Amino acid sequence: MDARTLHDIAAISDPLDRARAASAAMATLQGQSVELSRIRRAAIIEAQESGMKQDDIARHLGVTPGRVSQMKKAGAPPHQAPTGPIEPRPRVIVERAIPTPPAVRGSKSLYLTEAASQGLKPERKMLFIGPEPASEHVAVALRVEPGDTVIARRKMFWANDVPVRISTSYFRLDVAQDTRLDKQEFVLPTLQAAIEDLGHRFSHATETLTSRPPTPYEADLLEIPGEWVVQVLRISISTDDIPIHALETVCAASRHVFVIGQVAGFDHF
């Protein structure tokens, strides 16, 4: 666990939320410790099978031969696939189209429109609006330096009362500071209309998907201990070649299906 994650947990104002986040992080670390023990045990066995004596292994590791024996016994049993969550939850699957259809992108809310069309009961809540330091991937997307201040708009989404996504819009200061984008709860009629009202014109966008373990904050909000998330990062570029909007959507992987569309008019597949 890195120092930033520890700092984020310690900075959570609500004591119960802080305790929950700490518990989730401890569970993650425990799982990593078990996996590292398994890797170490397998490496020792592999070294012995290649002809190395236990004394030689001990010398390379800087421990006693007896400690090598303990490492072999302490290793995890043969790896097994993780089981699903024990706590029963309503089954919910949300479809997320990649790329986003223009009609959906231009609607009042991408998520509300998609979820409603799938027969789900969608809900959303604004979690945060304001300045925060840019993480490395956000800095690359907006062409600023890591740690530079950007404007963030973070929302939470549910489907049939099940948490499914955390979505954050990031803007450069020269795009959003002292505008509707850093003050208003939900920007109406649409976020893109508000950006265009500021004089920016949309040129093109790229969307990338990354599968990764969640941060403790994400795991707690999405209620996904032991699961992974899929991060969708959409970077919108203006006709002046300025990255005007970076949208990071963190999706509970087990609650989403990503529908990838082929470009129309081409017969190769």
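This section reports on the structure supplied with the text.

What counts, and at which threshold
- Residues numbered from 1 in each chain as written.
- Predicted model: local features only at pLDDT ≥ 70, side-chain atom pairs only at ≥ 80, totals over all residues.
- Heavy atoms only, no water.
- Helix = DSSP H or I, 4+ residues; strand = E, 2+ residues; numbered from the N terminus.
- Buried < 20%, exposed > 50% of the residue type's maximum accessible area, 1.4 Å probe, protein only.
- Contact = heavy atoms within 4.5 Å.
- Areas by Shrake-Rupley, 256 points an atom, 1.4 Å probe, with all protein chains shown as cover.
- Pairing = 2+ DSSP bridges.
- Axes fitted to C-alpha atoms, helices over the stretch in contact; angles between N-to-C directions.
- Polar contact = N/O pair within 3.5 Å; in protein donor to acceptor, adjacent residues only side chain to side chain.
- Phe/Tyr/Trp six-rings, centres within 6.5 Å; stacked < 30°, edge-to-face > 60°.
- Lys NZ or Arg CZ within 6 Å of the ring centre and 35° of its normal.
- Salt bridge = Lys/Arg side-chain N within 4 Å of Asp/Glu carboxyl O.
- Patch = residues over 30% accessible without salt bridge, like charges linked within 9 Å, V, L, I, M, F, W, Y side chains within 5 Å.

Time to look at the overall build of the protein. Secondary structure assignment for the protein yields 10 helices and eight strands. Within the protein, the proportion of its 269 residues that are buried is 36%. Taking all contacts inside the protein whose residues are at least 6 apart in sequence as the whole, residues at least 24 apart take part in 61%. Accessible surface, the protein as shown: approximately 15,900 Å² in total, 57% of it carbon and sulfur.

A few words on the sheet that holds strand 4 (residues 162-171). With antiparallel pairing, six strands are arranged side by side in an open sheet as 2-3-4-7-6-5. In the strand order of this sheet, the two ends are held by strand 2 (122-133) and strand 5 (202-212), each with one partner. Averaged over all pairs of adjacent strands, the angle between their axes in this sheet comes to 15°, without regard to strand direction. With 10 bridges joining them, strand 5 and strand 6 (residues 229-238) adopt antiparallel strand pairing. Its bridge partner lying in strand 6, Thr 210 is registered against Gln 231.

As for its placement among the helices and strands, Thr 149 is situated in strand 3 (residues 149-159). On the basis of relative accessible area, Thr 149 is assigned to the partly exposed category, the value being 39%. Remark: the alpha-carbon pair of Thr 149 and Ala 134, spanning 15 residues in sequence, is separated by 6.0 Å.

Tracing the backbone shows Arg 172 in the loop between strand 4 and helix 8 (173-176). A polar contact is formed between the side chain of Arg 172 and the backbone oxygen of Leu 142, at a distance of 3.1 Å. For Arg 172, the side chain forms a polar contact with the side chain of Asp 174, separated by 2.9 Å. Residues in contact with Arg 172, not counting those within four places in the same chain, are Leu 142, Arg 143, Val 144, Gln 177, Ile 242 and Pro 243.

Before going further, it helps to spend a moment on the packing of aromatic side chains. Applying the stated criterion across every chain yields a total of one aromatic pair. With a centroid separation of 4.8 Å and an interplanar angle of 55°, the aromatic rings of Tyr 111 and Phe 157 are classed as tilted. Taken together, the positions of Tyr 111 in helix 6 (residues 110-117) and Phe 157 in strand 3 put the pair 46 residues apart, joining distant regions of the chain. On the basis of relative accessibility, which here comes to 3%, the residue Tyr 111 falls in the buried class. Phe 157 gets classed as buried once you look at its relative accessible area, which sits at 5%. Positioned over the ring face of Phe 186 is Arg 124, at 3.9 Å from the centre of the ring.

For the structure on display, the rule yields 12 salt bridges. Of the charged contacts, one joins Glu 123 and Lys 121 as a salt bridge, the two residues approaching to 4.0 Å between their closest N and O atoms. Of the charged contacts in the structure, one is a salt bridge between Lys 183 and Asp 182, with a shortest N-O distance of 3.2 Å. Since its relative accessible area comes to 57%, Lys 183 is described here as exposed. In the salt-bridge network here, residues are joined through shared partners; they are Lys 121, Glu 123 and Asp 161.

Let us now look at the environment of Val 63. Mapped onto the elements of the fold, Val 63 is located in the loop between helix 3 (54-61) and helix 4 (65-74). Note on Val 63: relative accessible area 26%, which makes it partly exposed. Once residues within four sequence positions are removed from consideration, Val 63 is found in contact with Ala 58, Val 68 and Met 71.

For the rest of this paragraph, the subject is a nonpolar patch on the surface. Taken together, Leu 127, Phe 128 and Tyr 217 make up a surface patch of nonpolar side chains, about 240 Å² in accessible area. Assignment of secondary structure puts Leu 127 in strand 2. Residue Leu 127 is classed as partly exposed on the basis of its relative accessible area of 32%.

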